[in-house]
Amino acid sequence: MMMDLAGMAERYLTARDTFLSNARKAGWQTESIAHPLQGPGGITIHTDIASAGNPDSDYLLMVTSGTHGIEGYLGSEIQSRLLAEGIVAADARDCHAVMVHAVNPYGFAWHRRVNEDNVDLNRNFIDFDAPLSVNEDYEEFYSLLNPVEWNEQYEETLKGEAAAAIARLGLGPVFKAVSGGQYRYPQGLQYGGSGPSWSRQTIEAIWSRMMTGKKCATQIDIHTGLGEPGVGVLLTYGAEEQARIRRARTMWEDIFVSPPPGSGDVMAQGVLGPRLEEMFPKEDVLAVVLEYGTLPPVDVLHGIAADNWLHHHGRIDSPAGSRIKQLMLDAFYLDDAGLREKAYLRARDVVSAAGRYV
């Protein structure tokens, strides 16, 4: 299969139109924030917001998609179906519900995980006035992941060496080395940026506005590309004694809790959720990730590395470009109706539980 510029534009516009249409049909209010750059074929791209319930309530429930661009296609379908099925009532009095569609609209439309500056948003939410962290383990993989030349033979080399590294070191250490973020190579994989991105500033502004007057909030960010196909794993950071973690356990017994930011865990640095919690330290804020598996880790890494090469050394409007864009979609979307149904039912249960908290 191939995904050309016209196909990318159509897929983005269809996802956006469905989300906005379903929101309006369900009685939600909508608004749109245009991105300063264009999508494939010159289309206008947006971060869209739908809201319902009682804005004056003490409780905010926010569901977001597309923080990692192309991962938003499954998230978009989930959001649109939640709206169509009325999982959160538009006239709820004890909850203010908000859905943010395409936190990173540039990556969403261009079938990239990163934004217009090659920035991984989940490594961008840091204090750029402080010294930038150094991911020394990334150096070992830099040349493998960021080649100047790319062909099908190199693809096999990359997948072979990545599989060997996982077998030698374990998936966890390789994942941290590759996905933990780096601030040294702007054209390299997993770049965290040199300052707050447009998408970061936009979602922080949305969050600040929606949190006005709130005492409690739950934020659910939908992701894909890690884990068993179609299985949605709930993740957050923290310590079991924290009130927010105790609250999480009352809503979802199966949430996975990893060490908190500042614990030395590189995977907690620069992530959206902890930043949203940090912005309102006096309120009861709980941010979680709902992560769905797609392809094996080596295949996902293959797609990301190929896409990074394409945008820095290749041509999107070429047969190789179309093939790589399809690789990205394969890596971050579930092209199987049964798995998408499984993913939706999991999301429905997660969001319903959060909505019932109050």
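See above for the structure.
This structure is a prediction, so every number in the text was calculated from the model and none was measured.

Enquirer: Would you mind showing me how to read the overall build of the protein here?
Expert: When its secondary structure is counted, the protein shows 12 helices and 8 strands. Taking 358 residues into account, the globule formula puts the C-alpha radius of gyration at 21 Å, and the protein, at 19 Å, falls close to it. On the principal axes, the C-alpha backbone points of the protein span a range of 60 × 45 × 40 Å. For the protein, the proportion of its 358 residues judged to be buried stands at 57%. Taking all contacts inside the protein whose residues are at least 6 apart in sequence as the whole, residues at least 24 apart take part in 80%. For the protein, the accessible surface area stands at approximately 14700 Å², while carbon and sulfur atoms represent 52% of it. The positive charge centre, built from 31 side chains, and the negative charge centre, built from 47, are 4 Å apart in the protein.

Enquirer: Looking at this model, I keep getting lost on the nonpolar core. Mind explaining?
Expert: Nonpolar side chains tend toward joint burial in soluble globular proteins. Of all hydrophobic cores here, the largest spans 82 residues; its most connected members are W28, L61, I78, F141, I220, W252 and Y292. Top element by residues in this core is helix α10 (residues 297–313). It accounts for 8 residues. Each residue touching F141, except ones within four places of it in the same chain, is listed here: A165, L169, V174, A177 and V178.

Enquirer: Would you mind going over the packing of aromatic side chains with me for this structure?
Expert: Each aromatic ring pair is summarised here by two numbers: the centre-to-centre distance and the angle between the ring planes. This structure, assessed with the given rule, holds 9 aromatic pairs. Aromatic ring contacts, followed pair by pair, group Y12, Y73 and F108 into a single cluster. Taking the ring centre of Y333 as reference, the NZ or CZ of R11 above it sits at 4.8 Å.

Enquirer: What am I meant to see in the pattern of salt bridges here?
Expert: Using the criterion set out here, one finds 22 salt bridges in the structure. Ionic pairing is found between E85 and R81, a salt bridge with its closest N-O pair at 2.7 Å. Overall, R81 belongs to the partly exposed group, its relative accessible area being 28%. We note a salt bridge from E341 to R81, for which the minimum N-O separation is 2.6 Å. With a gap of 260 residues between them, E341 in helix α12 (residues 337–356) and R81 in helix α2 (residues 72–84) connect regions that are remote in the sequence. Classification of E341 by relative accessible area gives partly exposed; the value is 32%. Via salt bridges that share partners, R200, E204, R275 and E278 belong to a single interconnected network.

Enquirer: Just checking my understanding: could you explain the packing of helix α7 (residues 198–210) against helix α9 (residues 272–279) for this structure?
Expert: Helix-helix packing is characterised by the crossing angle of the two axes and by the distance between the axes. With their axes 11 Å apart at the nearest point, α7 and α9 run at an angle of 40° to one another. Classified by the angle their axes make, α7 and α9 are oblique. Relative to α9, α7 is oriented so that their crossing is right-handed. The residues of α9 that touch α7, namely those facing R200, I203, E204, W207 and S208, are L272, R275, L276 and M279.

Enquirer: I keep staring at the environment of E139 and nothing clicks. Help me out?
Expert: Positionally, E139 belongs in helix α4 (residues 139–145). Between the alpha carbons of E139 and L20 there is a distance of 43 Å; along the sequence they are 119 residues apart. E139 has contacts with R184 and Y185, leaving out every residue within four places of it along the chain. Of note is the side chain of E139, whose polar atom sits 2.7 Å from the side chain of Y185.

Enquirer: I keep staring at the side chain of H101 and nothing clicks. Help me out?
Expert: Turning to its location among the elements, H101 is positioned in strand β4 (residues 96–101). Overall, the relative accessible area of 0% leaves H101 in the buried class. One polar contact links H101 to S76, side chain to side chain, over a distance of 2.8 Å. Residues contacting H101, with those up to four places away along its chain left out, are A15, R16, F19, H46, T47, D48, S65, S76, Q79 and F108.

Enquirer: How should I be thinking about the side chain of E277 in this particular structure?
Expert: Relative to the elements of secondary structure, E277 occurs in helix α9. Note on E277: relative accessible area 16%, which makes it buried. Other than its neighbours up to four places away in sequence, E277 contacts R244, V285, L286 and A287.

Enquirer: How should the pairing of strand β5 (residues 216–229) be read in this particular structure?
Expert: The element β5 is largely enclosed, with a buried count of 10 among its 14 residues. Summarising the sheet, β5 and strand β8 (residues 284–293) pair through 10 bridges and their orientation is parallel. Residue pairing in the sheet places C216 in a bridge with D284 of β8.

Enquirer: Sorry if this is basic, but what is going on with α7 here?
Expert: Three- or four-residue spacings in an α-helix give side chains the same orientation, since the helix completes a turn every 3.6 residues. The terminal C-alpha atoms of α7, which comprises 13 residues, lie 18 Å apart, in line with the 18 Å expected from a rise of 1.5 Å per residue. For α7, the set of buried residues is W198, S199, R200, T202, I203, E204, I206, W207 and M210.

Enquirer: Explain unusual backbone geometry here, please?
Expert: Where the residue is not glycine, phi is negative for most of them; where a peptide bond is considered, it is trans in most cases. Backbone geometry places H111, a non-glycine residue, at a positive phi of 60°. Looking at the secondary structure, you find H111 in the loop between α3 (105–109) and α4.

Quick notes on the rules
- Residues numbered from 1 in each chain as written.
- Predicted model: local features only at pLDDT ≥ 70, side-chain atom pairs only at ≥ 80, totals over all residues.
- Heavy atoms only, no water.
- Helix = DSSP H or I, 4+ residues; strand = E, 2+ residues; numbered from the N terminus.
- Rg over C-alpha atoms; globule rule 2.2 N^0.38 Å.
- Buried < 20%, exposed > 50% of the residue type's maximum accessible area, 1.4 Å probe, protein only.
- Contact = heavy atoms within 4.5 Å.
- Areas by Shrake-Rupley, 256 points an atom, 1.4 Å probe, with all protein chains shown as cover.
- Lys, Arg positive; Asp, Glu negative; His and termini not counted.
- Charge placed at Lys NZ, Arg CZ, Asp CG, Glu CD.
- Core = buried A, V, L, I, M, F, W, Y, C linked by side-chain atoms within 4.5 Å.
- Phe/Tyr/Trp six-rings, centres within 6.5 Å; stacked < 30°, edge-to-face > 60°.
- Lys NZ or Arg CZ within 6 Å of the ring centre and 35° of its normal.
- Salt bridge = Lys/Arg side-chain N within 4 Å of Asp/Glu carboxyl O.
- Axes fitted to C-alpha atoms, helices over the stretch in contact; angles between N-to-C directions.
- Parallel < 35°, antiparallel > 145°, perpendicular 65-115°, else oblique.
- Left-handed = near helix turned anticlockwise from the far one by under 90°.
- Polar contact = N/O pair within 3.5 Å; in protein donor to acceptor, adjacent residues only side chain to side chain.
- Pairing = 2+ DSSP bridges.
- Expected span 1.5 Å × (residues − 1).

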